[in-house]
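# Coordinate inspection notes
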Protein chains: 2
Amino acid sequence: MNIEMIRAAAARLSGHAVRTPLLNSSFLDKIAGRHVWIKPECLQHTGSFKFRGGYSALSALDPETRAKGVIAFSSGNHAQGVALAATMHGTSAVIVMPSDAPQLKIENTRAYGAEVVLYDRATESRDEIGARLSETRGLTLVKPFDEPQVIAGQGTCGLEIAEDARAHGIKEATVIVCCGGGGLTSGIALALEADAPGLRVRPAEPAGFDDVARSLRSGKIESNPAKTGSICDAIITERPGDLTWPILKRLCGPALVVSDDEALDAMAQAFLRLKLVSEPGGAAALAAALYHSDENEGDDVIVTVSGGNVDPTMFVRALERL
Amino acid sequence: MNIEMIRAAAARLSGHAVRTPLLNSSFLDKIAGRHVWIKPECLQHTGSFKFRGGYSALSALDPETRAKGVIAFSSGNHAQGVALAATMHGTSAVIVMPSDAPQLKIENTRAYGAEVVLYDRATESRDEIGARLSETRGLTLVKPFDEPQVIAGQGTCGLEIAEDARAHGIKEATVIVCCGGGGLTSGIALALEADAPGLRVRPAEPAGFDDVARSLRSGKIESNPAKTGSICDAIITERPGDLTWPILKRLCGPALVVSDDEALDAMAQAFLRLKLVSEPGGAAALAAALYHSDENEGDDVIVTVSGGNVDPTMFVRALERL
């Protein structure tokens with residue numbers, strides 16, 4: 001895993017991924033007590049940064065392997081990212097999803113061209129289903145974060161942050177990244193290490209699912225006791241990945257932990273001040289910047305709004321807090 | 001009014017305005033039956049393209065005149081655009097607003113640094129109040145659309161559309177622009193005439209307030225009988241401007257007229273598929289692309305989502321239609 005892989009992924013994604021801008025609002029600056037800059041990856045294809053990793057992984061496969069199709073396990077944003085990336089490459093994707101996944105996400109994944117295989121979380125093994133499908137059909141597994149070309153794809157977001165920070169004269173800043181398994185966080189950290197060494201990444205996590213926060217404190221991989229129980233479903237993972245963890249450990253500052261209510265409040269502010277639709281997990285970094293000011297330092301903070309795939313009912317819950 | 005003024009405005013705005021991207025979604029393509037490209041000016045500072053015109057006008061004033069301050073009449077997006085542009089130039093802005101303007105817009109205008117002067121629509125004359133303030137305090141009036149430097153500022157949006165269309169290989173397309181007094185529409189039309197002659201502008205208007213549609217049909221300026229009565233308040237004006245009208249007449253194709261319900265449906269699609277917050281008037285062009293397919297032609301249509309300053313209650317009304 002190195003910066004050259006990220007630069008190569010950026011070349012492959014050029015013209016295919018959305019070059020998202022860097023936004024700001026004086027209203028948010030006032031809440032945070034410093035300049036807040038927002039990287040709106042909710043505007044990325046499929047509504048989250050995951051398209052970058054999916055497209056990077058698909059485009060890195062040799063054509064023969066790619067033609068056989070890919071497979072992914074995901075109930076959420078990774079599913080949609082891989083599905084669209086496969087369609088754009090003229091190949092097929094099988095997405096294995098729990099049968100209790102939100103209907104909208106299942107429908108969207110199908111609409112992007114994927115074959116969705118549902119399984120029962122209680123009685124079936126996702127991995128067994130996946131292994132059987134991969135073997136019989138020759139599909140290549142695209143992991144959600146612990147996969148070099150996926151991390152490289154997410155890292156392209158960091159190259160853009162470095163470029164735009166430079167254009168705005170930002171030389172030193174904290175970059176808060178919504179963190180699940182650490183694909184986006186480690187990718188951005190590697191990109192900034194090379195292109196903007198004055199910018200330091202800090203992960204943002206939901207309360208109760210702060211495996212990365214605790215891992216960074218203890219210096220070794222820690223796991224979450226629970227698997228569900230936050231509205232920030234997009235960034236709930238059991239533990240940091242084997243590939244992402246050493247990068248997080250080497251490059252990241254302490255993680256920030258936000259409550260579900262803070263995530264909802266950040267969604268409301270993103271609606272009101274940025275005109276962005278964000279999902280709870282995608283608003284975690286903004287929540288950390290806005291509502292944990294005393295845990296931050298410096299004049300500038302940059303945050304990812306990493307996804308916007310939210311059901312209307314959840315979005316209305318956020319708006320009701322205004 | 002010429003292209004060189006737009007290019008000069010672009011140079012002045014560079015680094016101060018948001019360089020908005022061009023977005024798309026296969027879901028919207030399916031609804032429209034052609035490729036739909038979205039210019040999200042709701043992401044512009046102050047939540048609408050109006051910042052471009054305000055900043056352009058302020059930056060074009062000689063420093064001595066500018067230092068005395070500016071004045072604008074507006075209950076909406078123009079007010080916020082001028083207010084922030086004045087603050088960014090270190091000068092003052094007086095915004096004359098009807099006392100029944102939405103509280104959020106009054107508060108936002110004040111928060112951007114302007115002095116808000118309220119008047120009673122029924123008993124007071126906006127123009128008299130403005131004339132008195134201008135005279136006694138030496139303020140320069142910044143008109144919302146019938147002002148060359150404002151049109152030049154809005155035209156910078158067209159330069160960006162031309163640049164991004166070229167990058168996507170789009171040589172011919174209809175560009176539907178949300179149209180009130182015609183500042184954005186005429187500015188974009190002038191920019192495209194110079195930089196992308198295969199792209200032709202068509203205005204989008206709300207039903208009942210289709211003065212530009214009727215003017216383009218009759219070949220002379222027509223007025224709206226009513227002054228209020230559509231949720232698309234941002235693009236309701238009595239008639240096209242004296243400066244904008246000749247440009248609209250020379251360069252625009254027939255206008256498209258959308259209903260309030262279509263604007264709400266377009267807002268819901270922008271939420272779901274683009275992760276954008278749009279206001280009814282800002283979603284009119286998208287509504288025309290999505291729900292008036294038979295009135296459009298060609299493989300590609302480009303639309304402005306020109307503003308996102310919407311109250312949560314109106315936004316919820318749109319979401320309820322999903």
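Worth saying up front: this structure is predicted, and the values here are computed from it rather than measured.

### Concerning the domain arrangement of chain A
All names here are of chain A. You can read the domains of chain A as domain 1 (3-48 + 147-319) and domain 2 (51-141). Computed over C-alpha atoms only, the centres of domain 1 and domain 2 are separated by 24 Å. Taken together, the contact pairs 23 residues of domain 1 with 18 residues of domain 2. Counting residues per element, the side of domain 1 that touches domain 2 draws most heavily on helix H8 (residues 148-167), which supplies 7 residues. Grouping the amino acids of the side of domain 1 that touches domain 2 by side-chain chemistry returns 7 nonpolar, 12 polar and 4 charged.

### Quick look at helix H9 (residues 183-195) of chain A
Residue and element names in this part refer to chain A. For H9, which comprises 13 residues, the first-to-last C-alpha distance of 18 Å matches the rise-based estimate of 18 Å (1.5 Å per residue) to within 8%. Taken across its 13 residues, H9 has 10 buried, putting it largely inside the fold. All of the buried residues along H9 are Gly183, Leu184, Thr185, Ser186, Gly187, Ile188, Ala189, Leu190, Ala191 and Leu192.

### Let's talk about H8 of chain A
Residues and elements named next belong to chain A. In this model H8 runs 29 Å from its N-terminal to its C-terminal C-alpha over 20 residues, within 8% of the 28 Å that 1.5 Å per residue would give. Among the 20 residues in H8, 16 count as buried, and that is most of the element. A positive phi of about 75° marks Gly169, the residue just after H8.

### Some remarks on the packing of helix H14 (residues 312-319) of chain A against helix H14 (residues 312-319) of chain B
Here H14 of chain A crosses H14 of chain B at 170°, and the two axes come no closer than 11 Å. The orientation of H14 of chain A relative to H14 of chain B falls into the category roughly antiparallel. Every residue of H14 of chain B that contacts H14 of chain A at Pro312, Phe315, Val316 and Leu319 of chain A is listed here: Pro312, Phe315, Val316 and Leu319 of chain B. Among the residues forming the contact of H14 of chain A with H14 of chain B, the class breakdown is 8 nonpolar, no polar and no charged.

### Focus on the pairing of strand E10 (residues 300-305) of chain B
Residues and elements named next belong to chain B. Across the 6 residues of E10, 6 count as buried, placing the element largely inside the fold. The alternating pattern of E10 places Asp300, Ile302 and Thr304 and Val301, Val303 and Val305 on opposite faces, both of which are buried. Here 6 bridges tie strand E2 (residues 35-40) to E10, and the two strands are oriented parallel to one another. When the sheet's bridge partners are listed, Val36 is paired in E10 with Val301. Sheet analysis places strand E7 (residues 173-178) next to E10, joined by 3 bridges and oriented parallel. Among the inter-strand pairings, Ile176 is bridged to a residue of E10, identified as Val303.

Analysis parameters
- Residues numbered from 1 in each chain as written.
- Chains lettered and ligands numbered in written order.
- Predicted model: local features only at pLDDT ≥ 70, side-chain atom pairs only at ≥ 80, totals over all residues.
- Domains from an automatic or database assignment.
- Contact = placed C-beta atoms within 7 Å.
- Helix = DSSP H or I, 4+ residues; strand = E, 2+ residues; numbered from the N terminus.
- Nonpolar A, V, L, I, M, F, W, Y, C, P; charged D, E, K, R; others polar.
- Expected span 1.5 Å × (residues − 1).
- Buried ≥ 20, exposed ≤ 12 C-beta atoms within 10 Å, placed from the backbone.
- Axes fitted to C-alpha atoms, helices over the stretch in contact; angles between N-to-C directions.
- Parallel < 35°, antiparallel > 145°, perpendicular 65-115°, else oblique.
- Pairing = 2+ DSSP bridges.

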